Amino acid sequence: MKLLIEIGTEELPAIPLLKELPNITKKWEKILQEYHLESEFKFFYTPRRLVFIHENFKEKQDDSFVEFIGAPKAIAYKDGKLTQAGLSFLEKSGLKEEELEFKEIKGKEVLYCQKQVQGLQSKAVLDQMIEAFLKSLSFGKTMRWGDGSFEFIRAIRSLCCILNDELIEFESYGVKSTKSTFVHRSVSYDLIPFANIDEYFKTLEQNYIILDQEQRKKLIIEQLKTLEKENDITIAEDDELLAEVVAITEYPKALLGHFEKEYLEIPSEVIITSMRENQRYFAVFKNNTLSNHFIVVSNAVCEDYSKIINGNERVLRARLSDAMFFWKNDLAQGLNNDKISQMVYLEGLGTLKDKIIREQKIAAKLCEVFANTQKDEILKAIEYSKADLSTQMVYEFTDLQGIMGSYYAKAMGMSDELALAIKEQYLPNGDNSAMPSNEFSSIVALAYKFDTLMGLFSMGKIPSGTKDPYALRRAANGVLKIILALNKNFDLKIFLEAIAGEYKSFDLKILLDFILERLYTFYEVNASFVKAVLSSKTYDVIYIDSCMKALIQSANKADFSQNFATFKRLANIAVLSEAQIDEKLFKTQEEKDLYQAFMQCKTKENNTQGKVFFPFPAAAALACCKTKENNTQELLESLFALKPQIDAFFDKVMINDKDENIKNNRQALVCAIYREFLKIADIKELSV
């Protein structure tokens, strides 16, 4: 049986619709499962409708079985008579007393009944399914309309449910189902009737509704390519904007407009942001520079689009005129920190000026760690890094903070490197974000992120579940990405302890674990690998990364399973202790061979390690590898090379010897090898 469901609405806002889009089909699938009517379907949407099409919908629900489980036998009966618990079971199950049965479940005899439930006709439950589906959708804010108490993202104006060309009559959200639909507003504002499902599609097509969103997307892309070819231009690729435009159009038409060249004096980011965020225009480039043109995707149906182009040009001209005013005004005033001294950052953490001071202290320590000689310029960059928050341009376009600061810094004669650091201070700010361009910018960005994390954790603003209002997970990701990009060993624990004095006291381990937990998303590997490496209790990000890469590389080799089995056995046997190995106590050739091979492995390790110190006053003993990487791959391979000797040791040597000294010495040898492996990962945590 063929099924059509259409929910007609007022224009759905694009962003909430796109956010819920991945869940819409899943929620409908769940409804189908709950009602035992699973079948394949297609989902379509336009700004004014959500549509499901089933080519082979079931005529009736599948039969199902319902289980009733009651009280244990001793409670169901007392003195040979049913208790209240037994009587309640009779009522619930619909049985007579002589039909009662008991079944052993989890070691107890309990009242039990299984009944077959006959499936209902599909048309008898479709109205319930549609209403349950609508109530399951979550678009964020909702609205009410008319006299009803129902809520939805926008008013529902029509409902249509047709099963094999038969209308399923019902009422929901104050609307009765009908065989009718809304067509393009350029054609009619009224509901247009149709007789059957095939006629539904023809009605939409003949009245300028392209139902398939993928078809609309393909059409827009083709139109953009045609405009590029005809006008020798390049249109900015923007997948997010394209998705929005697809969501707000039913019959898209890409049009080329222009604005006065004088507005190109404004920074390109301002023009692009204004066009994109306010008007959903695509930016246009010519010869790799921003052109005084734009692309608007119209949803109108007409023969002459010149009025639409002119109207959009007038709107954009007004916005760019405002932007030009802000730009010139801000340039005249320059970057000034006076206003941010009065801007509260967060209660308990002072003003933005206080945040800058803390960031400067962090940056000073980072300069020492990285032996960076540009400390004065870096501190100056941070001094002016938040000044653009008080400018008119950033007040109007908040996404341009940092970017506008870099322009104003250049206009004030500051160095290009300083201006770039102001621009890049928030990077990386997303999964696919660009990274700071150099170490100068990286230190500024790290100072910002470290202060944000330390400050908010010290105030108890710790993310829980999916809630992360201050984007602290993104900040932690940024810290790790920057350190990995710099490729200079950096011990998080040592550094956080060094800057902790600037904040209210809290358990630093909570923050350390929070940051390192982000690493689970950094590697396309079994999560147990990350857990195993983190269990080694090192906080050096580069060393952790080298351990991960070494472990992953070894895991990709054919002999890894055999090596893993041997070392897993060793780890399970090992008892961590401080006992020393005494060569004189070795009695068998196998333990001597293992010890000698292990000592050669230790020699290789010592030849590949180098230590330096964080150069903080009163912290000379805080060790942190910095320039010479530990050759973890070589160490891991040399440890795995011990497999023959370890296997021989396990086969020929009794660890728990009657002589306590010999037993302890053999345990010490096993423990020493396990400890060496722990420098890379805890193999007990690995699952292969």
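None of the values given here were measured: they were computed from a predicted structure. (Residues numbered from 1 in each chain as written. Predicted model: local features only at pLDDT ≥ 70, side-chain atom pairs only at ≥ 80, totals over all residues. Heavy atoms only, no water.)

### Some words on the packing of aromatic side chains
Working step 1: By the definition in use, this model includes 34 aromatic pairs.
Working step 2: Measuring from ring centre to ring centre gives 5.1 Å for W145 and F150, while their planes differ by 50 degrees; the resulting arrangement is tilted.
Working step 3: Consider the rings of F457 and F514, whose centres lie 5.1 Å apart with planes at 55 degrees: the pair is tilted. In this pair, F457 sits in helix 15 (residues 439-458) while F514 sits in helix 18 (residues 508-517), placing the two residues 57 residues apart along the sequence. Residue F457 shares its accessibility class with F514, and that shared class is buried.
Working step 4: Just above the ring of Y112 sits the side chain of K103; from NZ or CZ to the centre is 4.5 Å.
Working step 5: R518 extends its terminal NZ or CZ atom over the ring of F514, reaching a point 4.6 Å from the ring centre. (Phe/Tyr/Trp six-rings, centres within 6.5 Å; stacked < 30°, edge-to-face > 60°. Helix = DSSP H or I, 4+ residues; strand = E, 2+ residues; numbered from the N terminus. Buried < 20%, exposed > 50% of the residue type's maximum accessible area, 1.4 Å probe, protein only. Lys NZ or Arg CZ within 6 Å of the ring centre and 35° of its normal.)

### With respect to the confidence of the model for the protein chain
Working step 1: Considering every residue of the protein chain, the mean pLDDT works out to 91; 96% of them sit at 70 or more.
Working step 2: Low confidence marks residues 607-629, where pLDDT is under 50. Its contacts with residues over four positions away, or in another chain, come to 55 contacts. (pLDDT = per-residue confidence, 0-100. Contact = heavy atoms within 4.5 Å.)

### What about the nonpolar core?
Working step 1: Ranked by internal contacts, the top residues of the largest apolar core, which has 131 residues, are L366, F450, L453 and L492.
Working step 2: The greatest single-element share of this core, amounting to eleven residues, is contributed by helix 15.
Working step 3: Once you skip the residues sitting within four places of it in the chain, L453 turns out to touch L472, A475, A476, V479, L511, F514 and I515.
Working step 4: Core analysis: the next-biggest nonpolar cluster, separate from the first, contains 54 residues, L12, W28, L224 and F282 among them. (Core = buried A, V, L, I, M, F, W, Y, C linked by side-chain atoms within 4.5 Å.)

### Description of the pattern of salt bridges
Working step 1: Across all of its chains, the model carries 37 salt bridges by this definition.
Working step 2: As a salt-bridge pair, R185 and E10 come within 3.6 Å of each other at their nearest N and O atoms. Of this pair, R185 sits in the loop between strand 13 (180-182) and strand 14 (191-193) while E10 is found in the loop between strand 1 (3-9) and helix 1 (14-34), placing the two residues 175 residues apart along the sequence.
Working step 3: Judged by its relative accessible area of 27%, E10 falls in the partly exposed class.
Working step 4: Across the pair R185 and E11 runs a salt bridge, and its minimum N-O distance is 2.9 Å. Here R185, found in the loop between strand 13 and strand 14, pairs with E11, found in the loop between strand 1 and helix 1; they are 174 residues apart in sequence, far enough to count as distant.
Working step 5: With a relative accessible area of 28%, R185 lands in the partly exposed category.
Working step 6: For E11, a relative accessible area of 36% gives the class partly exposed.
Working step 7: Overlapping salt bridges, with partners in common, bring together K355, R358, E359, K386 and D451 in one network. (Salt bridge = Lys/Arg side-chain N within 4 Å of Asp/Glu carboxyl O.)

### Things to note about the pairing of strand 7 (residues 101-105)
Working step 1: Sheet analysis places strand 7 next to strand 8 (residues 108-117), joined by five bridges and oriented antiparallel. Across the sheet, E104 pairs through a bridge with E109, a residue of strand 8.
Working step 2: Between strand 7 and strand 8, which pair antiparallel and follow one another directly, the connecting turn spans two residues, one of which, K106, has a positive phi of 55 degrees. (Pairing = 2+ DSSP bridges.)

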